[in-house]
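Here are the chains, one letter per residue:
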Amino acid sequence: MIERMDERYPVYRIRVRDMDESQLMEISKSMGLALNREEMLRIRSYFRDLGRDPTDVELQAIGQAWSEHCCYKSSKYVLKKYIVGIDAPQVYLVGEDAGVVEFDDDHVYVFKMESHNHPSFVEPYGGAATGVGGIIRDVLCMGAKPIALVDSIFFGRLDYPYENLQKGTKHPKFLFNGVVAGIRDYGNRVGIPTISGITYFNNFFLNNILVNVGCIGICKKDDVIHSRVNKVNENLVLVGGKTGRDGIHGVTFASKVFDREENVERTAVQLGNPIIKEPLIHAVLEAVDEKIVDGMKDLGGGGLSSVVGEMCLAGGVGAEVFLEKVPLKESNMAPWEIWISESQERMMIAVSDENLQKLMDIFNHWGLEASVIGRTIKEKVLKLYYNGIKVMDLDLSFITSGPVYCRPYRIKYPSQVILDTIPPEPSYNEIFDKIISHLNVKSKYSVFSQYDHEVKGNTIIKPLNGKIGMGTHSDASVIKPLENKYRGLAITSTSNPMLTSLDPYWGAMSIFDEAVRNLVSSNAIPHSMADNLNMGNPENPEVMGQLYEVARGLGEAARALGIPYVSGNVSLYNENNGVSIPPTPTLMAVGIVKDIRRVITTSFKGFGNPVYLINETRREMGGSIYYDILGIESHIVPKVNLVELREISSMILKAMGKRYIKSCHDISEGGLAVTLAEMSMGTGIGIDADISSIEFMRSDFKLFSESNTRWVVEIDRDYENEFLNLMNGIKIHKIGYLNDNGILRIRDGRRNIIKKDVEYIRDLWGGSIE
Amino acid sequence: MNNGGIRVAVLRMEGTNCEEESLNSMKNVGANSEYVHIRDLINGKKNIHDYHMLFFPGGFSGGDYVRAGAIFASMIKGPLLREIVKFIEDEKVVLGVCNGFQVLVELGLLPGIGGVMSEKPQAVLAPNISNRFECRWVYVKIEENNCKFIKYKKGDLISLPIAHAEGRFMLPLDREEEYLQDMIHKKQIVMRYADSSGNYSGYPWNPNGSIYNIAGICNEIGNVFGLMPHPERAFFRYQHPEFTINGGKNYGKNVFEGIMEYLNKKF
């Protein structure tokens, strides 16, 4: 069934034409193709028509190209239906390696967020580090200079008992420390600030962690490089690191579910090297500046196989590649391994004969490898040679014609909607302490201080803001991307697995709402987003149903607000031993700051200033931190009124434009109480609050509800009347004044509810989360 | 005043990553700054004596996989050692920030007790006592010092950002007291970590556990200055964490202005 083609080299012909179904499946498994029965049958019939058998290289190439990771075969249909093609006034470009959006008359910003879940679970340090490396290359290959990183990471609870761990599963603490160290060591070394992200703990992620990494860059409009090659006779130049056996079958690996035996697929995880990457960034940007790059793409999932195929397909040409010209880390690699290796720090550049020498000189100057490995040809085929042996000759249209599945889906509504049982009224001072020290509320300082979030000197709002030695969570971070302009970019990331697990549709809307809130809080105009959908096994109709609901929620929200998704990533098969993670969409959202000198932060600013709560509070306690602590189940999750979100956002921005607002913080996990506490901790300024003007309900719901579309604002006391006039027609509630005694005091009418020293709160909130 | 302008070489190698803001800081105080890859100095394409200032920027030169700054230092020590000594004897300026400070210590240029350059390092920037990388703002208090270009007065309390894993200034244990007294006596200690009221305190105000809270030192001549905090990240008020609270401060700019004033007067 398998025949060696040449005695010198390990190249094989696989006689698929004569195979029956079980033999085909055996081949799929033994070669690690991860293709299913229908796909293997389709391959067999294709080669039967062709009148020959495929080589091992050809089968591997098809396996890569048809993987979920590369062709989105399960999710394409859903994404197209809901998320793609949102009408928006912003000028943007999609369909490239990263989303490209207009920043000002001369510049675009470029960004993307991507998951690196499976590799990080197997090897947390290396997996997370290479995730960062890969996302940087995605931005870099558009010709953009990477300016900031974002990381949203999800683990099981750090206090999970060791003895309860499933055999072979690593403890959340180990995974968390490894991932943070990987992000830290890569980002810090490569010199790009890590400025935002989520750190989230829930046993949903005990056996399948999530590592979602994002990068944003800035680029002159004229310098945008497309991820394609559209001219014949162009040189294909492979630059950067050498090719090795690391990262073989990464994409097919990412398209499978974990089972215990496969937990050791370590060769599927690549190793990164930030000290090659740092000069690579310089060299690539220098070449872009010289305007000699005709097309560029980074080598990520699928390696050379994906990059050559996709660049040619997008540009309408074919290519001839000579595999022996690829510089190797280990000399004895088989041709198929060279073709699909996912070794890090590599990029493919298309360059004309005329500019080839110039390009080589730039890379030599930076001490980097650059090798011409092939040329483009007119015929739309991919021809591969290895020391004179033709090891592949396939139509591009076949390789890249990955199947699109409209998989069966079932939207599962909770069989019996749990309307919550109302808990007895708590001891407020006690429950407040529990909430403020909840793992998902606590200060992320111990994580963020390990990331160099200030390198390059352009970070205006940092992950924590406030007085030196204090500091509280920022809603969004703000970067000043251009040396001579005050225009800035606000960046935030949101996710809420508690809500999306209870209700994927409203949960998805909630994280969209939160992304908008975070940007608005910082005085940024919400502008565009990247969606990163982490889901379970798509072959399970319920998981597909969740994907539909998440996409529907995200799509509706984006349409109503006119904010497009300019780049996206879907990570499926997040399942371990038959248990899928809950649907966990993560957003990376970008806003435009007209003038960074006018940013607003979350920390309280001045004694005597009045404080207002904007918009309505409802008893929507499902998925809240409060109910999590009490152990109460409820399916009454926060809803979103998209019209309100749009209108109130624009009014707040207007009030900020008029300088009425001194500080602003949205209300999210933990509710109003946490928001007030966080605002106090930035400067140590306390508040005397009275929540009696909030909609009628018990005090605990007022304080701990996580209803959407709400903010707390501190108003300049000299402009209170102007603020009230401006907000006419919007539900606002005056809740108190800032005091000068460093105490957070909350009452509901005549009833005193909470009284805490801000410093006491900081001790609870600020301790290490490890 | 030098008509050709003050020329600054911002040195880079694989892994230095603060060169952009470093170059901009000197550019913004009027210097003629350029990036110089150390390879070009080693192979003679460029000559250090064409410059008035060598700026060793922050980063992770060579990945810092051996010990912070060690790879950078060993690369230039052989081929450039004598030239650098002459450069310093000419009373030109050498500035090392963060990883650059580590390089200067590895080279034996700081603290430089008993000479411009010691054969072996006389100090070390050891791993922080928290045993982790820390990025945050700190206060430092200016000492009475003989640095030729620090304009701040003794007792001034300023805030600057730090971002390092190895910033704990330590002296050889057997000569700790001797070296320290020597540095104090020669006014080589330029800045020390303090708390927000200006008192010398332990961790976290002293972010790495440095002996005597040392944050930055100069050599005996006063023209080689190394510090762990990043003045180039504190050049504009809007970079300061308290910008939205009280308008912020740009304490770092003063360091670069001082260097320019000194160089303009001298050359």
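Keep in mind that what you see is a predicted model, and the values were worked out from it rather than measured.

*Asks:* How should I be thinking about the overall build of chain A in this particular structure?
*Replies:* When helices and strands are tallied, chain A shows 25 helices and 33 strands. A globule of 770 residues ought to have a C-alpha radius of gyration of about 27 Å, and chain A, at 27 Å, matches this closely. With the C-alpha coordinates aligned to their principal axes, the bounding extent of chain A is approximately 90 × 55 × 45 Å. Taken across its 770 residues, chain A has 67% of its residues classed as buried. Carbon and sulfur atoms make up 48% of the accessible area of chain A, which totals about 25,800 Å². Chain A carries 85 positive and 99 negative side-chain charges, and their two centres are separated by 2 Å.

*Asks:* What should I look at first to understand the overall build of chain B in this one?
*Replies:* Looking only at helices and strands, chain B has seven helices and 11 strands in total. Relative to its length of 267 residues, chain B is compact, with a C-alpha radius of gyration of 17 Å against a globular reference of 18 Å. Once the C-alpha set of chain B is aligned to its principal axes, its extents read approximately 50 × 45 × 35 Å. By the burial criterion, 63% of the 267 residues in chain B qualify as buried. Partitioning the contacts of chain B with sequence separation of at least 6, the portion at a separation of at least 24 is 75%. With the model as given, the accessible surface of chain B reaches about 9,500 Å², and the carbon-plus-sulfur share is 48%.

*Asks:* Can you help me understand the layout of surface pockets in this one?
*Replies:* To find leftover empty space, one rolls a probe the size of a water molecule over the atoms. Reported here for the second largest pocket is a volume of approximately 1,300 Å³. As for the second largest pocket, its lining consists of 44 residues, of which Lys145, Leu285 and Pro481 of chain A together with Glu20 and Tyr35 of chain B are closest to the centre. When residues of the lining of the second largest pocket are traced back to their parent elements, those giving at least two are strand E6 (145–155), strand E9 (210–220) and helix H10 (274–289) of chain A together with helix H1 (19–28) of chain B. The element that contributes the greatest number of residues to the lining of the second largest pocket is H10 of chain A, accounting for seven residues.

*Asks:* Teacher, can you tell me more about the sheet that holds strand E11 (residues 224–227) of chain B here?
*Replies:* Backbone-to-backbone hydrogen bonds pair the strands of a sheet. The strands run either parallel or antiparallel. Residues and elements named next belong to chain B. With respect to topology, nine strands assemble into an open sheet ordered E2-E1-E3-E4-E11-E10-E9-E6-E7, the strand pairing being mixed. With one partner strand each, in any of the chains shown, strand E2 (32–37) and strand E7 (157–164) form the two edges of the open sheet. Taking the axes of each pair of neighbouring strands and ignoring which way they run, one obtains an average angle of 25° across the sheet. Pairing analysis gives four bridges linking strand E6 (residues 134–142) to strand E9 (residues 189–194), with the strands arranged antiparallel. Its bridge partner lying in E9, lysine 141 is registered against arginine 192.

*Asks:* Honestly, the sheet that holds strand E21 (residues 488–494) of chain A in this entry has me stumped. Any pointers?
*Replies:* All names here are of chain A. On the basis of which strands lie adjacent, the open sheet formed by six strands has the order E17-E20-E21-E26-E22-E23 and mixed pairing. Every other strand in the sheet has two partners, leaving strand E17 (459–461) and strand E23 (565–571) as the edge strands with one partner each. Across the sheet, the axes of successive neighbouring strands diverge by a mean angle of 25°, strand direction being ignored. One ladder, built from six bridges, connects strand E22 (residues 525–534) with E23; its direction is parallel.

*Asks:* What's the story with the pattern of salt bridges in this structure? I'm lost.
*Replies:* Two side chains that carry opposite charge are able to pair once their charged atoms sit near each other. Residues and elements named next belong to chain A. Throughout the structure, instances matching the rule amount to 63 salt bridges over all chains. A salt bridge links glutamate 620 to arginine 618; the nearest nitrogen and oxygen atoms lie 3.2 Å apart. You can call glutamate 620 buried: its relative accessible area is 5%. Taking the relative accessible area as the measure of exposure, arginine 618 reaches 25% and is therefore partly exposed. Aspartate 688 is the partner of arginine 745 in a salt bridge, and the nearest nitrogen-oxygen pair spans 2.5 Å.

*Asks:* Just to check I follow, could you spell out the domain arrangement of chain A for this structure?
*Replies:* Reports often express the size of an interface as the amount of accessible area lost when the parts come together. Here chain A is described as being made up of domain 1 (2–54) and domain 2 (602–770). Its C-alpha centre places domain 1 of chain A at a distance of 63 Å from the equivalent point of domain 2 of chain A.

*Asks:* Help me understand the nonpolar core in this model?
*Replies:* Note on soluble globular proteins: their nonpolar side chains tend to be buried together. Core analysis: the biggest nonpolar cluster contains 103 residues, and Phe363, Leu672, Leu676 and Leu703 of chain A have the highest contact counts within it. Sequence-distant contacts of phenylalanine 363 of chain A, that is, excluding residues within four places in its chain, are made with Val239, Leu280, Ala283, Val284, Ile349, Leu368 and Ala370 of chain A. Counting residues in each nonpolar core, the second largest holds 84 residues, with Leu107, Val116, Tyr152 and Tyr179 of chain B among its members.

*Asks:* Hey, could you run me through the interface of chain A and chain B in this one?
*Replies:* Contacts between the two partners involve 42 residues from chain A, matched on the other side by 42 residues from chain B. Summing both partners gives a buried area of about 3,400 Å² for chain A against chain B, and 54% of it is carried by carbon and sulfur. Here chain A and chain B share three salt bridges between them. Taken together, chain A and chain B are joined by 16 residue pairs in polar contact (both at pLDDT 80 or more). Where the side of chain A that touches chain B is concerned, the elements lending two or more residues are helix H8 (172–190), H10 and helix H16 (445–448) of chain A. Counting residues per element, the side of chain A that touches chain B draws most heavily on H10 of chain A, at five residues. Residue classes in the side of chain A that touches chain B are distributed as 13 nonpolar, 15 polar and 14 charged.

*Asks:* Teacher, can you tell me more about the packing of aromatic side chains here?
*Replies:* Two aromatic rings, taken as a pair, are described by how far apart their centres are and by the angle between their planes. All told, the structure shown has 33 aromatic pairs over all chains when counted by the stated rule. Relative to phenylalanine 723 of chain A, the ring of tyrosine 612 of chain A has its centre 5.4 Å away and its plane inclined at 55°; by these criteria the two rings are tilted. Residue tyrosine 612 of chain A is located in strand E27 (residues 610–614), and its partner phenylalanine 723 of chain A is located in helix H24 (residues 720–726); the two are separated by 111 residues in the primary sequence. Owing to a relative accessible area of 0%, phenylalanine 723 of chain A belongs among the buried residues under this scheme. Positioned above the aromatic ring of tyrosine 200 of chain B is the side chain of arginine 192 of chain B, whose terminal nitrogen or guanidinium carbon lies 3.7 Å from the ring centre.

*Asks:* Help me understand the confidence of the model for chain A, please; the structure alone is not making it clear to me.
*Replies:* A low pLDDT means the predicted coordinates there should not be read in detail. Per-residue confidence for chain A averages 91 on the pLDDT scale, and 95% of its residues sit at or above 70. Counting interchain partners and residues more than four positions distant, the pLDDT-below-50 stretch residues 259–266 of chain A has 16 contacts.

*Asks:* Honestly, the packing of helix H22 (residues 672–681) of chain A against helix H25 (residues 758–766) of chain A in this entry has me stumped. Any pointers?
*Replies:* Angle between the axes and distance between the axes are the two parameters that describe a pair of packed helices. Residue and element names in this part refer to chain A. Remark: H22 packs on H25, axes separated minimally by 10 Å, with the N-to-C direction vectors making an angle of 105°. On the basis of the axis angle, H22 is roughly perpendicular to H25. Residue-level contacts link Ala677, Glu678, Ser680 and Met681 of H22 to Val758, Ile761, Arg762 and Trp765 of H25. Its residues assigned to classes, the contact of H22 with H25 comprises five nonpolar, one polar and two charged.

*Asks:* Looking at this structure, how should I read the packing of helix H1 (residues 21–30) of chain A against helix H2 (residues 37–50) of chain A?
*Replies:* All names here are of chain A. Orientation of H1 relative to H2, taken along the N-to-C sense of each, is 105°, at an axis distance of 10 Å. Classified by the interaxial angle, the pair formed by H1 and H2 is roughly perpendicular. Each of Glu21, Leu24, Met25, Ile27 and Ser28 in H1 lies in contact with H2, whose residues at this interface are Arg37, Met40, Leu41 and Arg44. Grouping the constituent residues of the contact of H1 with H2 by class yields five nonpolar, one polar and three charged.

*Asks:* What am I meant to see in the side chain of aspartate 716 of chain A here?
*Replies:* Secondary-structure assignment places aspartate 716 of chain A in the loop between strand E30 (711–715) and H24. In this structure aspartate 716 of chain A touches Asn609, Arg659, Tyr660 and Lys662 of chain A, once residues within four positions along its chain are discounted.

About the criteria used
The residue count restarts for each chain, going from 1 along the sequence in the order it is written. Labels follow written order: the first chain is A, the first ligand is 1, and so on. Under the rules for a predicted model, residues below a pLDDT of 70 receive no local features and side-chain atom pairs below 80 are neither given nor counted, while totals for whole chains, interfaces and linings still include all residues. The basis for the side-chain values is all heavy atoms of the structure; hydrogens and waters are excluded. Numbering of helices and strands runs from the N terminus, with a helix taken as a DSSP run of H or I at least four residues long and a strand as a DSSP run of E at least two residues long. Our radius of gyration looks at C-alpha atoms and nothing else; its globule reference is 2.2 Å times the residue count to the power 0.38. Whether a residue is buried, partly exposed or exposed follows from its accessible area with a 1.4 Å probe, protein chains only, as a fraction of its type maximum: under 20%, in between, or over 50%, in that order. What sets the accessible areas is the Shrake-Rupley method with a 1.4 Å probe; for residues, cover comes only from the shown protein chains. The charge count includes Lys and Arg as positive and Asp and Glu as negative, but it does not include His or the ends of the chains. Charge positions are represented by NZ for Lys, CZ for Arg, CG for Asp and CD for Glu. When checking whether two residues touch, look at their non-hydrogen atoms; a contact exists if any pair is within 4.5 Å. Put plainly, a pocket is an open set of points on a 1 Å grid over the protein atoms alone with protein on both sides within 12 Å along at least five of seven lines, a cavity is a set where a 1.4 Å probe fits but cannot get out, and a lining residue has an atom within 4 Å of a point. Grid points are joined across faces, edges and corners, and a volume is the space filled by probe spheres set on the points. Strand pairing is defined by DSSP finding a minimum of two bridges between the two strands. What counts as an axis is a line fitted to C-alpha atoms, over the stretch in contact for a helix, and the angles between N-to-C directions run from 0 to 180 degrees. Whenever Lys or Arg places a side-chain nitrogen within 4 Å of a carboxyl oxygen from Asp or Glu, that contact is recorded as a salt bridge. Marked domain ranges trace back to an automatic or database domain assignment. What makes a nonpolar core is a set of buried Ala, Val, Leu, Ile, Met, Phe, Trp, Tyr and Cys residues whose side-chain atoms join them at distances within 4.5 Å. Throughout, the accessible surface (probe 1.4 Å) given up by two parts as they are put together, summed over both, is called the buried area. Here a polar contact is recorded for every N or O atom pair within 3.5 Å, except that within protein the pair must consist of a potential hydrogen donor and a potential acceptor, and residues adjacent in sequence are included only if both atoms are side-chain atoms. Classes in brief: Ala, Val, Leu, Ile, Met, Phe, Trp, Tyr, Cys and Pro nonpolar; Asp, Glu, Lys and Arg charged; the others, Gly included, polar. Geometry of aromatic contacts follows a simple scheme: Phe, Tyr and Trp rings, the Trp one being its six-membered ring, pair when their centres are within 6.5 Å, and the pair is stacked under 30 degrees between planes, edge-to-face over 60, tilted otherwise. By the criterion adopted, a ring carries a charge over it if an Arg CZ or a Lys NZ lies within 6 Å of its centre and within 35 degrees of its normal. Confidence scores here are pLDDT values: one per residue, from the predictor, ranging 0 to 100. In these notes the angle categories are as follows: under 35 degrees is roughly parallel, over 145 is roughly antiparallel, 65 to 115 is roughly perpendicular, and the rest is oblique.

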